[in-house]
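Breakdown of the fold
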Amino acid sequence: MIIRRPFRLTSLSVALLLVGCGGSDSSSPGDTTSSTAVISGTVPGTFIEAFFADGSYYSTNSIDNGEAEHPFSLTIPSSVNFHLVMTTNKGTADQIITPIRITSGGVTSALINTSVTFNLGYIPLAMNLADIIDANGDGVVDSPLIITPDLPEGAQVVEVTLDALDSDNDGIPNIYEDDDNDGEFNLEDLDDDNDGINDVDESDDDDSDDDGVDDQYDSDQDNDGVNDNSPVTTYTPVSAYTPKVGRLLASQCFQCHGTNGNSTNDWDSIAGESVSEIVEEMQEFKSGEEDEPIMAAQAHGYSDAEISALAEWLATQSSSEGED
């Protein structure tokens, strides 16, 4: 049975790249299947980052084509909520970090979810510090830039009850907040609670690896890129990795129901449930037969074929319910 509780996001292990405008692309394994999408557009010379609710991180650079509007293209996983952040003049004294919000269908949100490729059009990012509002001088705009692209069917903005990547829901990811208001955003601030102690050295620090994600949400607390709960001791080369479409689709479920559908908290496990039960419940949420706004929003993000695919994969998983 799919439990109905407030939506809760998982961790993000961030590995930022110091790169400028050039057109290279950094992404996670498995981004060349049909379970990916592409976002594109044009910007001033810009570094584009996408932070995902499943813990993955993707980035690219716009291409300097000699024009004022530089094109970019970023391949991302399909149907996973993410934040967009864009940086102009990266690595210089004039660096400006601009989180993005999107307005679509009467909803404005920093969380985006897409199963299709789409173009954001031209994004008018500020290039001069004098043109932004930045009260504490940390180089991060105080309010996200709101854009209104024409999103196709299959791409939408998402509202959630709790966003672990943006705890105060102001549209600025936690790592780009300045919690102690000292003019350094958290990612670059070794003492973001301003207690005079390096955060990494604090044994009781809520963010033990200082990656901007509280330990209660962080499945990679040593920031080595490997899920701390994973029993895997050997690694499959990326060239030999073939991701299962059903698991990629079901990864959205893991945010509440645990890795591979096995919950480690008070949410129900959904691993090992029958295909028919999962499909029936998702269709009830999708049709409105079950009055649960959060699950309805999740169900509407999938096509019928995608619901069947994730259900078939979850049904193959061993359930941990009832184990000591």
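Preceding this paragraph is the structure being described.
Keep in mind that what you see is a predicted model, and the values were worked out from it rather than measured.

Things to note about the side chain of Ser56
Secondary-structure assignment places Ser56 in the loop between β3 (46-52) and β4 (57-61). A polar contact is formed between the side chain of Ser56 and the side chain of Asp54, at a distance of 2.7 Å.

Here's the deal with the sheet that holds strand β2 (residues 36-43)
Strand pairing in a sheet relies on backbone hydrogen bonds, with the paired strands running either antiparallel or parallel. With respect to topology, three strands assemble into an open sheet ordered β5-β2-β10, the strand pairing being mixed. Strands at the two margins of the open sheet, each flanked by one partner only, are β5 (70-77) and β10 (118-122). With direction set aside, neighbouring strand axes in the sheet form an average angle of 15°. Across eight bridges, β2 lies against β5 in antiparallel orientation. Across the sheet, Val43 pairs through a bridge with His70, a residue of β5.

Topic: the environment of Asp170
Residue placement: Asp170 occurs in the loop between β12 (155-158) and α1 (245-257). For Asp170, a relative accessible area of 24% gives the class partly exposed. Put simply, Asp170 and Ala110 are 60 residues apart on the chain and 8.4 Å apart in space, counted from C-alpha to C-alpha. Excluding its chain neighbours within four sequence positions, the residues that come into contact with Asp170 are Arg101, Pro144 and Glu177.

Quick notes on the packing of aromatic side chains
Enumeration over the complete set of coordinates arrives at six aromatic pairs. Measuring from ring centre to ring centre gives 5.4 Å for Phe52 and Tyr58, while their planes differ by 65°; the resulting arrangement is edge-to-face. Taking 6.0 Å as the distance between ring centres and 45° as the angle between the ring planes, the aromatic pair formed by Phe254 and Trp313 counts as tilted. On the criterion of sequence distance, the pair formed by Phe254 in helix α1 and Trp313 in helix α4 (residues 304-315) is long-range, its members being 59 residues apart. One exposure class covers both Phe254 and Trp313, and it is buried. Ring pairs connect the aromatic residues Phe51, Tyr57, Tyr176 and Phe185, which therefore count as one cluster.

Here's the deal with the nonpolar core
Grouped together as the largest cluster of nonpolar side chains are 25 residues, with contacts concentrated most on Leu84, Met86, Leu120 and Ile123. Elements that contribute at least two residues to this core include exactly β2, β3, β5, β6 (82-88), β7 (96-104), β10 and β12. With residues near it in sequence (within four places) discarded, Ile123 still touches Thr42, Val43, Pro44, Phe72, Met86, Ile100, Leu145 and Ile147. Ranked by size, the runner-up nonpolar core spans 18 residues in total, among them Ala250, Val279, Ala299 and Trp313.

Rules of the game
- Residues numbered from 1 in each chain as written.
- Predicted model: local features only at pLDDT ≥ 70, side-chain atom pairs only at ≥ 80, totals over all residues.
- Heavy atoms only, no water.
- Helix = DSSP H or I, 4+ residues; strand = E, 2+ residues; numbered from the N terminus.
- Polar contact = N/O pair within 3.5 Å; in protein donor to acceptor, adjacent residues only side chain to side chain.
- Pairing = 2+ DSSP bridges.
- Axes fitted to C-alpha atoms, helices over the stretch in contact; angles between N-to-C directions.
- Buried < 20%, exposed > 50% of the residue type's maximum accessible area, 1.4 Å probe, protein only.
- Contact = heavy atoms within 4.5 Å.
- Phe/Tyr/Trp six-rings, centres within 6.5 Å; stacked < 30°, edge-to-face > 60°.
- Core = buried A, V, L, I, M, F, W, Y, C linked by side-chain atoms within 4.5 Å.

Taken by themselves, the reported measurements are silent on function.
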